[in-house]
Structures are given as structure tokens and as C-alpha cells.
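# Summary of the model geometry
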Amino acid sequence: MAVSLSAMLPSSPFFSVVVSSILGLVVLLALALLCLSVVILRLEYRFKDIPGPKRSSFFWGNMKELQGLRDKPEASIAQICYKLAREYGPIVWLRVLWKPTIFSTSPELVKEMLLSSRHPKSDEFYKVFQGVFGARFLGHGLVSVVDHEKWHSRRTIINPAFKRKYLIGMMEQFNEGAEALCESIVGRADGKTPIAMLDELNNATLDVIAKVAFGMNTDAVGNPTCPFPAAISTALRGLQETFRNPLIAWDFSSKSRKFRKEVKEAINLVRTAGRKCVEERINARQRGDHVPHDILNMILECSNDLKGSSDFQMEDMIDEFATLFIAGQETTSNLLAFTIHQLGRHPDVAKRLQAEVDEVLGEKPFIEYEDLAKLEYMMRVFKETLRLYPPAPGSTRKVAHPIKCNGITIPAGTSVSLMTGAMSRMEEYFEDPLLFNPDRFKTTDEEHMKRHFYAYFPFSLGQRSCIGQQFALIEARVLLGRLLQKFKFRLDQSQRTAVLDELTAKPKDGCKNFVTLRT
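What counts, and at which threshold
- Residues numbered from 1 in each chain as written.
- Predicted model: local features only at pLDDT ≥ 70, side-chain atom pairs only at ≥ 80, totals over all residues.
- Heavy atoms only, no water.
- Helix = DSSP H or I, 4+ residues; strand = E, 2+ residues; numbered from the N terminus.
- Rg over C-alpha atoms; globule rule 2.2 N^0.38 Å.
- Buried < 20%, exposed > 50% of the residue type's maximum accessible area, 1.4 Å probe, protein only.
- Areas by Shrake-Rupley, 256 points an atom, 1.4 Å probe, with all protein chains shown as cover.
- Lys, Arg positive; Asp, Glu negative; His and termini not counted.
- Charge placed at Lys NZ, Arg CZ, Asp CG, Glu CD.
- Pairing = 2+ DSSP bridges.
- Axes fitted to C-alpha atoms, helices over the stretch in contact; angles between N-to-C directions.
- Patch = residues over 30% accessible without salt bridge, like charges linked within 9 Å, V, L, I, M, F, W, Y side chains within 5 Å.
- Salt bridge = Lys/Arg side-chain N within 4 Å of Asp/Glu carboxyl O.
- Phe/Tyr/Trp six-rings, centres within 6.5 Å; stacked < 30°, edge-to-face > 60°.
- Lys NZ or Arg CZ within 6 Å of the ring centre and 35° of its normal.
- Disulfide = S-S within 2.5 Å.
- Expected span 1.5 Å × (residues − 1).
- Contact = heavy atoms within 4.5 Å.
- Core = buried A, V, L, I, M, F, W, Y, C linked by side-chain atoms within 4.5 Å.
- Parallel < 35°, antiparallel > 145°, perpendicular 65-115°, else oblique.
- Left-handed = near helix turned anticlockwise from the far one by under 90°.
- Nonpolar A, V, L, I, M, F, W, Y, C, P; charged D, E, K, R; others polar.

Per the secondary structure count, the protein includes 20 helices and 13 strands. The C-alpha radius of gyration of the protein comes to 26 Å, within 12% of the 24 Å expected for a compact globule of 519 residues. Over its C-alpha atoms, taken along the principal directions, the protein stretches across nearly 105 × 60 × 50 Å. Burial statistics for the protein: of 519 residues in total, 52% are counted as buried. Carbon and sulfur atoms make up 57% of the accessible area of the protein, which totals about 24400 Å². One way to put it: in the protein the 68 positive side-chain charges average out to a point 5 Å from where the 60 negative ones average out.

The next thing to look at is the sheet that holds strand E5 (residues 190–196). One open sheet accounts for 3 strands, arranged E5-E13-E10; its pairing is antiparallel. The open sheet has two edge strands with one neighbour each: E5 and strand E10 (487–491). Neighbour-to-neighbour, the strand axes of the sheet open up by a mean angle of 35°, direction not taken into account. As defined by bridge partners, E10 adjoins strand E13 (residues 512–517) across 5 bridges and the pair is classed as antiparallel. Bridged to Phe487 within E13 is Leu517.

We now examine a nonpolar patch on the surface. Nonpolar side chains collect at one region of the surface, where Leu29, Leu33, Leu41, Phe58, Phe59, Trp60, Leu247, Trp250 and Phe252 lie side by side and expose about 930 Å² of accessible area between them. Here Trp250 is to be found in the loop between helix H11 (228–244) and helix H12 (254–287).

A word on the packing of aromatic side chains. The final tally for this structure, using the stated rule, is 17 aromatic pairs. Aromatic pair Phe321 and Phe325: ring centres 5.1 Å apart, planes at 15°, arrangement stacked. With Phe321 and Phe325 both in helix H14 (residues 314–345), this residue pair falls 4 residues apart, about one helical turn. Taken as a pair, Phe321 and Phe325 share a single burial class, namely buried. For the cation-ring pair, Lys121 lies above Tyr126, with the distance from its terminal atom to the ring centre recorded as 4.4 Å.

Bringing the state of the cysteines into the picture now. Counting across every chain of the model gives 0 disulfides. In this structure Cys182 is a free cysteine whose sulfur lies 15 Å from that of Cys511, the closest cysteine sulfur available.

Our focus in this paragraph is the pattern of salt bridges. Counted by the stated rule, this structure contains 30 salt bridges. For Glu265, the salt bridge identified is with Lys261, shortest N-O distance 2.6 Å. Of the two residues, Glu265 and Lys261 are both situated in helix H12; the distance of 4 residues between them amounts to about one turn of the helix. With relative accessibility at 43%, the residue Glu265 sits in the partly exposed group. A salt bridge links Arg287 to Asp289, with the nearest nitrogen and oxygen atoms 2.8 Å apart. A relative accessible area of 35% means that Asp289 is categorised as partly exposed. Salt bridges here are not isolated pairs; linked through shared partners, they connect Arg136, Arg154, Arg271, Arg275, Glu315, Asp316, Asp319 and Glu320.

What follows concerns helix H15 (residues 347–360). Along its 14 residues, H15 runs 20 Å from first to last C-alpha, staying within 8% of the 20 Å computed at 1.5 Å per residue. Looking at the buried residues of H15, the elements they touch are H14, helix H16 (369–372), helix H17 (376–388), helix H20 (469–486) and E10. Of the residues one or two after H15, Gly362 is the one with positive phi, at around 55°.

Moving on: the nonpolar core. Membership of the largest hydrophobic core comes to 141 residues, with the highest contact counts inside it found for Leu109, Phe174, Phe214, Phe325 and Leu483. Tallying contributions element by element places H14 first for this core, with 14 residues. Setting aside anything within four residues of it in sequence, one finds Leu483 in contact with Leu181, Cys182, Ile185, Met197, Leu201, Ile340 and Phe489. By size, the runner-up hydrophobic cluster in this structure holds 14 residues, among which are Leu66, Cys81, Phe103 and Ala422.

Direction vectors running N to C along H11 and H12 enclose 125°, while the axes themselves pass 8 Å from each other. As summarised for this structure, H11 and H12 are arranged oblique, according to the angle between their axes. For the pair H11 and H12, the crossing hand works out as left-handed. On the side of H11, the interface is formed by Phe228, Ala231, Thr234, Ala235, Arg237, Gly238 and Glu241, while H12 contributes Phe259, Glu262, Val263, Ala266, Ile267, Leu269, Val270 and Ala273. Taken together, the residues of the contact of H11 with H12 break down into 10 nonpolar, 2 polar and 3 charged.

Here we take up the sheet that holds strand E1 (residues 91–96). As summarised here, the arrangement of the 4 strands in space is E1-E2-E9-E6, forming an open sheet in which the pairing is mixed. Two strands close off the open sheet at either side, each with one partner strand: E1 and strand E6 (395–398). The average undirected angle you get between the axes of adjacent strands in this sheet is 25°. When E1 meets strand E2 (residues 99–104), the two strands line up antiparallel, connected through 6 bridges. The residue bridging Val92 from the neighbouring strand is Phe103, located in E2. Taken strand by strand, helix H4 (residues 77–88) contacts E1 and E2, and its axis lies near 120° from that of E1. The strands touched by helix H5 (residues 107–114) are E1, E2, E6 and strand E9 (415–418); relative to E9, the strand with the most contacts, the crossing angle is about 115°.

Shape is all these values report; function is a separate question.
What follows is the structure in C-alpha cells.
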């Protein structure tokens, strides 16, 4: 006798297993949502006294609001924080899923958190730097290492390479990099061909950091086939996208899968180059070969060829390679691109700076270290550029113990982003904050300096301030000095002042200029 399929299914063992599995998954999902709800409710209660925008979604928190702000053409993270501070005050809290973050424009909080080693870097924030989409990137390098003792050990090893005496000895390499940059531009300096100065400066600063730090000849200037500039840009876009969209790692669309693959390949290219460079140098040192007196050699000497400490081995050295390789390029190139952009917008500043360069450098083919101190106005121009367009818009720390500031108590364990990029645009700290005025850094008035000291920290403050600050400022003066010796720049007026956030801030339109030779 025939038996219907519907009559068979209920008694089928397979069917029972499927139903049980589905019910089990439903129960697990319900428990997970219940646990997440409890976590979110606890967060909302802990931060109920801290102002901030209303959450549009119980589970997503402020993700929609942040995405809406970021989608605006002129929006950067610094401008977003500025708007939040203007609406809610100097301490603002937001939540994305179950992760709370505080953005602060309070000088008192800056002083407390950056000048004290008790408040560590935020592990939640900096773990994104350590690895992207499962690929180790900056690992536990100086920028991303969270543990203070480990950071201190690393800094001790690397510090000698950034001492003034060593940097003075690098003036020849800085000049060579500047000369190569100038030579690459000469052929296009017809006043008619727009030149994307950000790209040119990226290549030049990459060649300099590679040579000065690791004895590498990347030859990025004038060589469109050099893979490193594109790899660095792709890796940084991967970092930025992770911050913008925390769920991208689980997005299985073909576009997202392709993007993740490109980012991992870019990271692998940089780290593989670092491994090869370090291994070759260690082998050369062990053979007794002549080796360059560069940053890598100084690190290997201090670490006994990576045998001096179990805490500093090959992977750790590659972390530092990637950190210096990328940070050493980005900071200086972005600063110079924003500076040239502002000179194009402010011809009076450009004329005054040109006059100083002519007086100090004349037609000298080689810029001496002693010349740099005489470029006083140039230094003020750089400081003002860093005020309005800091390559890193802020520093993030984790509150080690409850802090009361501006009448608000911040719970221990909270990540706080201290936003110099927003503070530098506030009239509380700077007179006419949106005016590009290099002479605001000329004043020696104590009250004026005190007013903005903890609102201006483009290289961060305290023990964990940027180790490469002096390196960047020396290189920037040499490169800009040589450029202004040889060329006149006319900004393409289609260039906006918009900022592109790719972890670091850079001119969105590439700082295109029409360039001519000086006669």
C-alpha cells in the first residue's frame, strides 16, 4: 500500500534532528540577543549622565548617525567631532553596537590622560592597527602596542635612531630625496599640466624613509611601477574602512571579499619586503660586511640582532618596519601637501615664505642642518598647517580609573578619543580659529600659550608622543625648501579644502598644482 510523504516525515529520524537543530539555533540566538540586550542596557545606565546624540537603534546604537555624518562630502572625523562638541559639549559619548566611545575636546582631560602613563592605549581601538581582516599589520609596533611595559622596552631600543645627532647625519639623504623629487617634476613644470603634489610627495617621502631607515632603494619617485605607494594606500583604506564599518569583515558580498583580499595582499607585500630587508641585513652583519649606518642597523645593534630579548624577535621587528615605513611616509607627505594647498589659498603667506627661503637658502644646492633653524617662518607655517590639518586627528586612551571632568564622571575602562583636530578649530582655544595665520605661533605671551597648549597636540603629548616628530619636521623643511628654491606653484582652483580620512588625514583632491620653473 502506498504511504504518503507527509505521513512519513513526522516519524523520520532525519526530520527530528533537523527540527531539533533549528529549535536549538533559535534558542541560542534568543539567548545571544538577551545577553546583548543586557550588555547594552548596562552600558546605557553607566553612561546615562554623559551627553551625546540619541541612539536611533537599540542594537546598532549611533552607527546610522555616524554613517550619515561621514557620508557628507566635506565631513572628516575631526569635523564630525567638532559638530558633536558644539551640540553636546566637551565630553560626548556614542555607542556602536556594544562598544562605547567618548570623544573629548576638554584640555583638562587631555592633560590628565596624555601626560600620565596610568592611562594605556585603548586595546579595542588599537587592535585594528595590529591586524586587518586576519592579516597581521602593525602588530605590536610602537603605534599599536598597548602594554606600557612592552612599549617602553621597544621605545628604548628604537630611541637612539631618532636622536638629534643621528638625524643631523641624515641630511645628505634628505637632500638627495629632495633633489630626486625636483628632477621628477621638472619635465612637467610647464604651467599647464596639473601635478597631483600629494602623489609626488608620497613617493618622495617613501624613498626617504626607506633609505634613511632601512637602506632600501624603493625608487618610487618617477617610477609608476613601484608597488609600495599603492600597497600603503590600500592597507590604510582597509584600516579606515574597518573603523567606518565594523561589520565589513563579515560582509560576504563579492565587492567586500575582493576588497579584503586586496588589503591582505597589500599588507603581505609590505611585511614580506620588511622580512627580506631585515634578514639580509642580519646576514650581512654576521658576515662582517659593510652595512649602512641607518635606523635598522641601530635597532639591530641595540637588540643584538634580535637575540637580546625574547620580547623582540623577527615578527616584532617587522611590526616596527611596517610602522616606520608607513608612518614615516604618511605624516610628512600629508603635512607638505596641506601646506602647499594653503600657500595656494593664501598668496600673502606664500610670498613671505618665498622671501625667507630666498634669504636663507638662496641658490644653495645643499641644505645644511644649520639652515633649518633660520627658516623660522616656514616652521610657523608648518605649525599652523598642523593645527588645522593634523595628519592624525587625535589620540585614544583607556581610562584607568574613574575621572571627573567638566562635572562628568567617566567610568574606568572607557575608551576616550582626545581630538586635537576638533579643538584646534574652536574659538575657546584659538582666536579666529578658521583663519590661516602662521603668526599665531610667533607670540611669546604666556597666557596665550597656556590657553591652547592642551588643545594643540598634532604629534600627541607625553611619553607616547610621536617618536618621528623631529624626523618629519626636518624632512619637511628640506623638501619644501628645495621645492620653493626651484619652482612656483599655482593651485588648481578646482581643489577643495575637503579632507580625505584614510586613517590619516590628507587633501581629498590630491593638491593639484600648475608648476613652473623659477627664473
